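# Structure assessment
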Amino acid sequence: MKVILLTDVKDIGKKSDVLNVSDGYARNYLFPRKWAMEATPAAVKEIERKHALEEKLEAERRAEAHQRAAQLSGKTIDMKAKCGEKGRLYGSITAQEVVDALKAQHGVDVDKRKVEVDPIRQTGEYDATVWVYSGVTAKMKVIVTPMPGK
């Protein structure tokens, strides 16, 4: 009997999969638990239509993410920090401070958990990676200069 899974079933398949299972397994196990439904031609067409819609939405999201990544990549963020004589900072610059500077200088709002930057404890130039979407990143430069005066 052909069935369409309504939820993920361990060792059987994922949601929306169309599978061939024995009649007894479907009637006595999957149907009573509402884990599957019979795969009628109309139901299979509906599942295919939903898959096509999901793929289209995913492609739009990915295109938008690539556009945003292109907008972000290559930008530099200038930051000033208090430091000692040899360029060692008093404290360190965190991802939240990088995000705040990015918003102030370029008007781009990003979640701090999506910014990956090595610990900044010295003046100089550092690389930062912004995760825009699954598998889509943008590389940026963070330039730390000493704050004038003490």
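To be clear, the structure that these remarks concern was listed above.
Let me sum up the structure you'll find in this document. (Residues numbered from 1 in each chain as written. Predicted model: local features only at pLDDT ≥ 70, side-chain atom pairs only at ≥ 80, totals over all residues. Heavy atoms only, no water.)

Once that is clear, we can look at the side chain of threonine 129. Take threonine 129: it is sitting in strand β8 (residues 124-133). Setting aside chain neighbours within four positions, we find threonine 129 in contact with Lys114, Val115, Glu116, Thr137, Ala138 and Lys139. (Helix = DSSP H or I, 4+ residues; strand = E, 2+ residues; numbered from the N terminus. Contact = heavy atoms within 4.5 Å.)

Glancing now at the pattern of salt bridges. Scanning the entire structure with this criterion turns up 7 salt bridges. Notably, a salt bridge pairs arginine 113 with aspartate 111, separated by 2.9 Å at the nearest N-O pair. Judged by relative accessible area, arginine 113 falls into the exposed class, the value being 70%. For aspartate 111, a relative accessible area of 32% corresponds to the partly exposed category. Notably, a salt bridge pairs aspartate 127 with lysine 141, separated by 2.8 Å at the nearest N-O pair. Here aspartate 127, found in strand β8, pairs with lysine 141, found in strand β9 (residues 136-146); they are 14 residues apart in sequence, far enough to count as distant. One salt-bridge network, in which partners are shared between bridges, spans Glu58, Arg61 and Arg62. (Salt bridge = Lys/Arg side-chain N within 4 Å of Asp/Glu carboxyl O. Buried < 20%, exposed > 50% of the residue type's maximum accessible area, 1.4 Å probe, protein only.)

Right, let's get into the sheet that holds strand β3 (residues 36-38). Read from one edge to the other, the open sheet built from 3 strands follows the order β2-β1-β3, with strand pairing classed as antiparallel. Of all the strands in the sheet, the pair left with one neighbour each is β2 (18-20) and β3. Here the strands of the sheet are splayed against their neighbours by 40° on average, with no regard to which way each runs. Taken together, the 3 bridges between strand β1 (residues 2-5) and β3 define a ladder with antiparallel strand orientation. Following the sheet pairing, leucine 5 is matched in β3 by alanine 36. (Pairing = 2+ DSSP bridges. Axes fitted to C-alpha atoms, helices over the stretch in contact; angles between N-to-C directions.)

Okay, the sheet that holds strand β4 (residues 76-81) next. If you trace the 4 strands from one edge of the open sheet to the other, you get β4-β9-β8-β6, paired in mixed fashion. Each edge of the open sheet is held by one strand with a lone partner, namely β4 and β6 (115-117). On average, each strand axis in the sheet is tilted by 30° relative to the strand beside it, whichever way the strands run. The pairing of β4 with β9 spans 6 bridges and is classified as parallel. Residue pairing in the sheet places aspartate 78 in a bridge with isoleucine 143 of β9. Here helix α3 (residues 95-106) sits on the sheet in contact with β4, β6 and β9, set at roughly 120° to β4.

Right, let's get into the pairing of β9. By the bridge criterion, 9 bridges tie β8 to β9 in an arrangement that is antiparallel. If you follow tyrosine 133 over to β9, its bridge partner there is valine 136. Counted along the chain from β8 to the antiparallel partner β9, the turn is 2 residues long, and its residue glycine 135 has a positive phi close to 85°.

The terminal C-alpha atoms of helix α2 (residues 41-72) lie 47 Å apart, and with 32 residues this matches the ideal 46 Å at 1.5 Å per residue to within 8%. Of the residues making up α2, those classed as buried are Ala43, Ile47, Ala65, Ala69 and Leu72. Buried residues along α2 sit against β1, β3, α3, β8 and β9. (Expected span 1.5 Å × (residues − 1).)

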